[in-house]
Amino acid sequence: MEAILTKPQATQLKVSGAEAVIRSLIAENARLIFGYPGGAIMPVYDALYHFQEDVRHVLTRHEQGAIHAAQGYARVTGEVGVVMATSGPGATNLITGIADAMIDSTPLVCITGQVGSHLLGTDAFQETDIISISMPVTKWNHQVTKAEDLPAALAKAFYIARSGRPGPVLIDITKDAQFAEFDFEYKKCQQVRSYKPVPKVAIDQVSKAAELINEAQRPLILFGQGVILGNAEEEFRALVEKTGIPSASTLLGLSALASEHPLNVGMLGMHGNYGPNKLTNECDVLIAIGMRFDDRVTGNLDNYAKQAKVIHFDIDPSEINKNVEVDVAVIGDCKESLNELAKLVNLNSHPNWLDKFRQHDAIEKETVISNELNPSEGDIKMGEVIEQINQITDGDAVLVTDVGQHQMIACRYMKFNKSKSNITSGGLGTMGFCLPAALGAKLGAPKREVVAVIGDGGFQMTIQELGTIFQTQAAVKVVVLNNSFLGMVRQWQQLFFDKRYSSTELINPDFIAIAKGYGIAAKSIDDRGDLQQAIHDMLAFEGSYLLEVKVGKEDNVFPMVPTGASVSDIRLS
């Protein structure tokens, strides 16, 4: 018979492996867990039953929902997200989220149950080799087969997940290790031999960077999520304001610098702003801070910033010269390196150079933005929905998006005043991310307005998490921009495949009926005259709310850098 756990007295030290897991989480101040129980993780869930006052568990409707919720929580709080699942399909259902977290540098600790150690390798019921499966997409993973090894393994997991360049780790625990008892003692991990997560900043490299910046006539800063992960927003803003350098954001860097800051020149990338993309190939010094020169930012590398001296600040040495050859590399914590840089750069401004960005802004506004935000006729535009949200939230909301046209539109037009306000799937581009991530974000920042902007395609990939929103009573505001297409794929089919719309049109269900079935207030509109009031009503509502906005079926997102093209070849139509 399997042991029945009881909550021990404060003086009792002998605990089961399962209870050690929960006590370890408490020691790491991980008081919110997302997960889904099953046979191989059941002893841990039984232990959790006795600690409900200390740890809150959120039961999602699918393991993918659990890990995306943990991602949303981690991204909005800056803390480690925790997710639990059983063996076999429970563990494999986490893989997409783990891969997403790995490429977007999101700190997670994933705990999976496993069959008994004597059954390993026998193809037992719900056995999968999750260690081998997850190895390419985790920062570190480890299988525990002895209960006494659990505290050290979990302490190491939390340390690795949050230190240096953050990322996901996975601890797989056999069922016998969960039942076995041992004398529990928990010590937080402070270091791991041969692992140096924060390289020492080389001051001579900072000096070389400062020299190039001080001599530059047309400098351009590209900033990414590394500024946010390094808690370096203040140091970054101080540097930008002292040097007067125009600064452009990657997708994940959005909100590190306020949208309305006079030196914020917009978003880089395939659907970014006209100026920063076009002028990348005209700057004389390119300063990359906490970004990795992703292909969606650089376009064709053969024609990327060849005229510029390149400076790269990053905590991860493997990113240096990976995609773009640099002239000066400053490796280390950007909070420290930017602070040192600010001491060495001159007080400066670049009015003529900045004016070139404003000239490009005017072109983009006339050609694209005005029609997107203030159309006079036709179907509702995605951009005007975001503009109405801006009017009410005034840049203070947390935006969570899925992947596709709505993502690019929302990230282009949403205003951000506070850091950690843009939560989206960047590197992996995971459809289905938004709804559970918005739940996690709301639970992590309950006092902030969390607005989930999602397409009708991605919405249906994790639509069951409406049930989790209902059960937790999390006041998430969900805006479904419904164009009855897999919009981004359809746009490419229109532009590059002669309008052969192969398997992209959607016949959708009644989203309002589904939401109401989950006990969530909902409304659908398709008339521009109803938009402003509908957005107001949604944001004023005290609980969760779903607003479906039917938008133009064949509207496209511009500007756009075609695949394989140079950033200079960005198209406005």
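Structural data are supplied above this passage.
Residues numbered from 1 in each chain as written. Predicted model: local features only at pLDDT ≥ 70, side-chain atom pairs only at ≥ 80, totals over all residues. Heavy atoms only, no water.

## Observations concerning unusual backbone geometry
Inference 1: The omega torsion across Phe 558 and Pro 559 is 0°, close enough to zero to call that bond cis.
Inference 2: Inspection of the secondary structure puts Pro 559 in the segment after β20 (545-550).
Inference 3: Of note in this structure, Gln 126 is not a glycine but carries a positive phi near 60°.
Inference 4: With respect to the helices and strands, the residue Gln 126 is situated in the loop between β5 (108-114) and α6 (130-134).
Inference 5: Here the phi dihedral of Asp 394 falls at roughly 55°; this positive angle occurs in a residue that is not glycine. (Helix = DSSP H or I, 4+ residues; strand = E, 2+ residues; numbered from the N terminus.)

## Section: the packing of aromatic side chains
Inference 1: Within the structure shown, the criterion is met by eleven aromatic pairs.
Inference 2: Arranged with centres 6.5 Å apart and planes meeting at 20°, the rings of Phe 184 and Tyr 186 form a pair that is stacked.
Inference 3: The structure contains a cluster of three or more aromatic residues connected by ring pairs, namely Phe 182, Phe 184 and Tyr 186.
Inference 4: In this structure, Arg 490 is placed above the aromatic ring of Phe 485, and the distance from its NZ or CZ to the ring centre is 5.8 Å. (Phe/Tyr/Trp six-rings, centres within 6.5 Å; stacked < 30°, edge-to-face > 60°. Lys NZ or Arg CZ within 6 Å of the ring centre and 35° of its normal.)

## Quick word on empty space enclosed by the protein
To locate leftover empty space, one rolls a probe as large as a water molecule over the atoms.
Inference 1: Under the counting rule described, the total for this entry stands at one cavity of 30 Å³ or more.
Inference 2: For the largest cavity, the calculated volume is near 70 Å³.
Inference 3: What lines the largest cavity is Glu 372, Met 382, Gln 405, Ile 409, Val 551, Gly 552, Asp 555, Asn 556 and Val 557.
Inference 4: Split by residue class, the lining of the largest cavity holds four nonpolar, three polar and two charged. (1 Å grid on protein atoms, 1.4 Å probe; cavity = no way out; pocket = protein on both sides within 12 Å on 5 of 7 lines; lining within 4 Å. Points joined across faces, edges and corners; volume = space filled by probe spheres on them. Nonpolar A, V, L, I, M, F, W, Y, C, P; charged D, E, K, R; others polar.)

## Concerning the layout of surface pockets
Inference 1: Empty space within the second largest pocket amounts to approximately 660 Å³.
Inference 2: Around the second largest pocket, the lining is made up of 28 residues, and of these Ser 259, Glu 260, Asn 273, Arg 412 and Lys 415 lie nearest the centre.
Inference 3: Elements with a contribution of two residues or more to the lining of the second largest pocket: β11 (264-267), α15 (351-373) and α17 (405-413).
Inference 4: The leading source of residues in the lining of the second largest pocket is α15, at six residues.
Inference 5: In terms of residue class, the lining of the second largest pocket is made up of twelve nonpolar, eight polar and eight charged.

## Thoughts on the environment of His 142
Inference 1: Tracing the backbone through its elements, the reader meets His 142 in strand β6 (residues 140-144).
Inference 2: Each C-alpha atom of the pair His 142 and Ala 153 lies 7.6 Å from the other, and the pair is eleven residues apart in sequence.
Inference 3: His 142 has contacts with Ile 131, Ala 153, Leu 170, Ile 171 and Asp 172, leaving out every residue within four places of it along the chain. (Contact = heavy atoms within 4.5 Å.)

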